[in-house]
Amino acid sequence: MYQFDKVISREGTQSVKYDNRECEFGEPDVMPFWIADMDFEVPPAVHNAIMKRAAHPVFGYTGTPNVCYDSICNWVFKRYSWQIEPEWIEFSTGVVPLLSYAVQAFTMPGDGVVVQPPVYPPFFSVIREHDRRVIENPLRETATGYVIDFDNLEEITRPDDVKVFFLCNPHNPVGRVWRPSELERIGAICLNNNVIIVSDEIHCDLTLFDNQHTPMASMSHDVAQITVTCMSPGKTFNLAGLSTAYLIASNPSLLKSMRRLMRGCHVNTASIFGTLAMQTAYCMCDDWLSELKLYLENNILQSIDFIKNNLSSVQVVKPDATFLLWLDFRSWQMTQQELKSFLVKEARLGFNDGMCFGTGGEGFMRMNIGAPWSVVQEGLFSLCEAASQLDIHERFNSSVPQNV
Ligand SMILES: Cc1ncc(COP(=O)(O)O)c(C=O)c1O
């Protein structure tokens, strides 16, 4: 049994989530449910490995041992039955940098890169910062959740200057795990139109409720030939501060283009603690991950139950994966500014603003429930109490919390 219920103070640890609240929300003491890291301790085996290495007081240039590459190959085979070779891997300080390198490696200024909003904000910025065009294929909301608009995707990928498709799988913020049938259609469209798929799979190890992740590149040999996969232990084992990620590309030409750029900028080295943490986690921490997933499932189910019982004006779809809830406040009929201000000033809550996720984000907020249940529960109470004090109580049927 691991202690996911343990409340740990993170203030003063250079934590963005805690120590940057004033900068983000204008208030230093909002309850932080923003940014995607968790408030849990890393697996004990990871902590021990780091402590042991840290006891040696020299931290010079350090190579990446074969065991580290092997740990990645074994991990993706064990979890996704995906057979990869160590030679297909290149390290990076993060997945976002990989998205940025991919834009630079595979497109020219003015070229189009397809994204499916609402989506993780850097998907837009890494395109715009390099003077490329964001081409949107907005996800469609249906009664049963978000789906991909394949007809539109077919249409917008046709022009020759649309070169790359950014896939987010599982999808942040809506929590969809794309099914093999959906990946097959994306693959066929991109193959038809000579579009390279850059598949951000950073949340893939956190599939919940029996959902199964399928790496895009594992769909077929042909799809693998046009795909660069980006992965990381950062979300899975709460290691974001150790800046460790990697790409996998079996097509030598795609790999060469990425490597030329990354090695040219000297950014392909891995950090000593990052790689050590990753290989330890991948080799020794399956049981921790299994327990974490059960804990997250429970947090999600309890949060959804609470919202249904006490805040029926707020809609939420059960995510297939991740520790992020995509909350729909549209029935409150507030402007985004009013909503943000209400949540910060009245409810004392720091969520991620839905508008930052682009088209389809207005009226939404993203809540991070990767924290002890007592903390999540306090946040939900606060939301409910604030809502009930305003005339929102009358207008939208919110009530004093019950059934927690
Ligand atoms: C979809 C997605 N990609 C990438 C990242 C960040 O990756 P990294 O910290 O490795 O740059 C996040 C973090 O929230 C994310 O949700």
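## Structural notes on the pattern of salt bridges
- A complete count under the given rule lists 22 salt bridges for this structure.
- Across the pair Asp39 and Arg10 runs a salt bridge, and its minimum N-O distance is 2.8 Å. Of this pair, Asp39 sits in the loop between β1 (31-32) and α3 (44-54) while Arg10 is found in the segment before α1 (16-19), placing the two residues 29 residues apart along the sequence. Like Arg10, Asp39 is buried.
- Close ionic contact of Glu155 with Arg158 constitutes a salt bridge, the shortest N to O distance being 3.8 Å.
- With a relative accessible area of 49%, Glu155 lands in the partly exposed category.
- Residue Arg158 is classed as partly exposed on the basis of its relative accessible area, which comes to 45%.

## Details of the sheet that holds strand β10 (residues 245-248)
- Pairing in this open sheet of seven strands is mixed, and the strands run β2-β10-β9-β8-β7-β3-β4 from one edge to the other. Two strands bound the open sheet, and with one partner strand each, they are β2 (89-92) and β4 (133-136). Across this sheet, the average inter-strand angle for adjacent strands is 25°, counted without regard to direction.
- Inspection of the sheet shows strand β8 (residues 196-200) paired to strand β9 (residues 227-231) by four bridges, in the parallel sense. Of the residues in β9, the one forming a bridge with Val198 is Val228.
- Against the sheet, helix α8 (residues 180-192) makes contact with β7 (162-168) and β8, and its axis sits at roughly 170° relative to β7, the strand it touches most.

## Overview of the site of the ligand
- As a structural note, the neighbourhood of the ligand is formed by Ala36, Gly94, Val95, Val96, Pro97, Tyr120, Cys168, Asn172, Asp200, Ile202, His203 and Lys235.
- In the model, an oxygen atom of the ligand is placed 2.7 Å from a nitrogen or oxygen of the His203 side chain.
- Compared with its free state, where it exposes 400 Å², the ligand has 87% of that area covered by protein.
- Broken down by element, the residue count for the shell around the ligand peaks at three residues, all from helix α5 (residues 95-106).
- Here the residues of the shell around the ligand are counted per class, giving seven nonpolar, three polar and two charged.

## Here we look at the domain arrangement of the chain
- The domain boundaries assigned to the chain delineate domain 1 (16-42 + 286-396) and domain 2 (46-284).
- Computed over C-alpha atoms only, the centres of domain 1 and domain 2 are separated by 26 Å.
- Taken together, the 33 residues of domain 1 in the interface contact 38 residues of domain 2.
- Summed over both partners, the interface of domain 1 with domain 2 buries about 3,000 Å², with 59% contributed by carbon and sulfur atoms.
- Summed over the shared surface of domain 1 and domain 2, the result is five salt bridges.
- Here Lys78 and Asp286 are joined by a salt bridge, their closest N and O atoms 3.1 Å apart.

## Examining the layout of surface pockets
- In this structure, the second largest pocket spans a volume of roughly 250 Å³.
- If you trace the second largest pocket, you find 17 residues lining it, with Glu141, Gln315, Val316, Val317 and Asp328 closest to the centre.
- Elements supplying a minimum of two residues to the lining of the second largest pocket: β5 (140-142), β6 (145-147), α12 (286-310), β11 (315-316) and β12 (324-328).
- Of the residues assigned to the lining of the second largest pocket, the class counts are eight nonpolar, five polar and four charged.

## What to know about the pairing of β7
- Counting buried residues along β7, six of its seven residues qualify, which places the element largely inside the surrounding structure.
- Bridge count for strand β3 (residues 112-115) against β7 is three bridges, and the pairing is parallel. Of the residues in β7, the one forming a bridge with Val114 is Phe165.
- As paired strands, β7 and β8 are joined by five bridges and run parallel to one another. Its bridge partner being in β8, Val164 is matched across the sheet by Ile196.

## Here we look at α3
- Among the residues making up α3, those that are buried are Val46, Ala49 and Ile50. The buried residues of α3 all sit within an arc of 95° when viewed along its axis, so they share a single face. Set apart from the buried face of α3 by more than 90 degrees, the exposed residues are Asn48 and Lys52.
- In this fold, the buried residues of α3 make contact with α11 (272-284).

## Some thoughts on the packing of aromatic side chains
- Per the stated rule, a full pass over the model turns up 20 aromatic pairs.
- Judged by centre distance (5.4 Å) and plane angle (70°), the rings of Trp326 and Phe357 are edge-to-face. Separated by 31 residues along the polypeptide, Trp326 in strand β12 and Phe357 in the loop between β14 (352-353) and β15 (364-368) bring together distant segments of the chain.
- We classify Trp326 as buried; its relative accessible area is 6%.
- Among the aromatic residues, those joined into a cluster by ring pairs are Tyr2, Phe4, Phe40, Trp75, Phe237, Tyr282, Trp288 and Tyr295.
- The ring centre of Phe209 lies 4.2 Å from the NZ or CZ of Lys318, which sits over that ring.

Calculation rules
Residues numbered from 1 in each chain as written. Predicted model: local features only at pLDDT ≥ 70, side-chain atom pairs only at ≥ 80, totals over all residues. Heavy atoms only, no water. Salt bridge = Lys/Arg side-chain N within 4 Å of Asp/Glu carboxyl O. Helix = DSSP H or I, 4+ residues; strand = E, 2+ residues; numbered from the N terminus. Buried < 20%, exposed > 50% of the residue type's maximum accessible area, 1.4 Å probe, protein only. Pairing = 2+ DSSP bridges. Axes fitted to C-alpha atoms, helices over the stretch in contact; angles between N-to-C directions. Contact = heavy atoms within 4.5 Å. Near = heavy atom within 4 Å. Polar contact = N/O pair within 3.5 Å; in protein donor to acceptor, adjacent residues only side chain to side chain. Areas by Shrake-Rupley, 256 points an atom, 1.4 Å probe, with all protein chains shown as cover. Nonpolar A, V, L, I, M, F, W, Y, C, P; charged D, E, K, R; others polar. Domains from an automatic or database assignment. Buried area = accessible area lost by both parts, 1.4 Å probe. 1 Å grid on protein atoms, 1.4 Å probe; cavity = no way out; pocket = protein on both sides within 12 Å on 5 of 7 lines; lining within 4 Å. Points joined across faces, edges and corners; volume = space filled by probe spheres on them. Arc of directions from axis to C-beta. Phe/Tyr/Trp six-rings, centres within 6.5 Å; stacked < 30°, edge-to-face > 60°. Lys NZ or Arg CZ within 6 Å of the ring centre and 35° of its normal.

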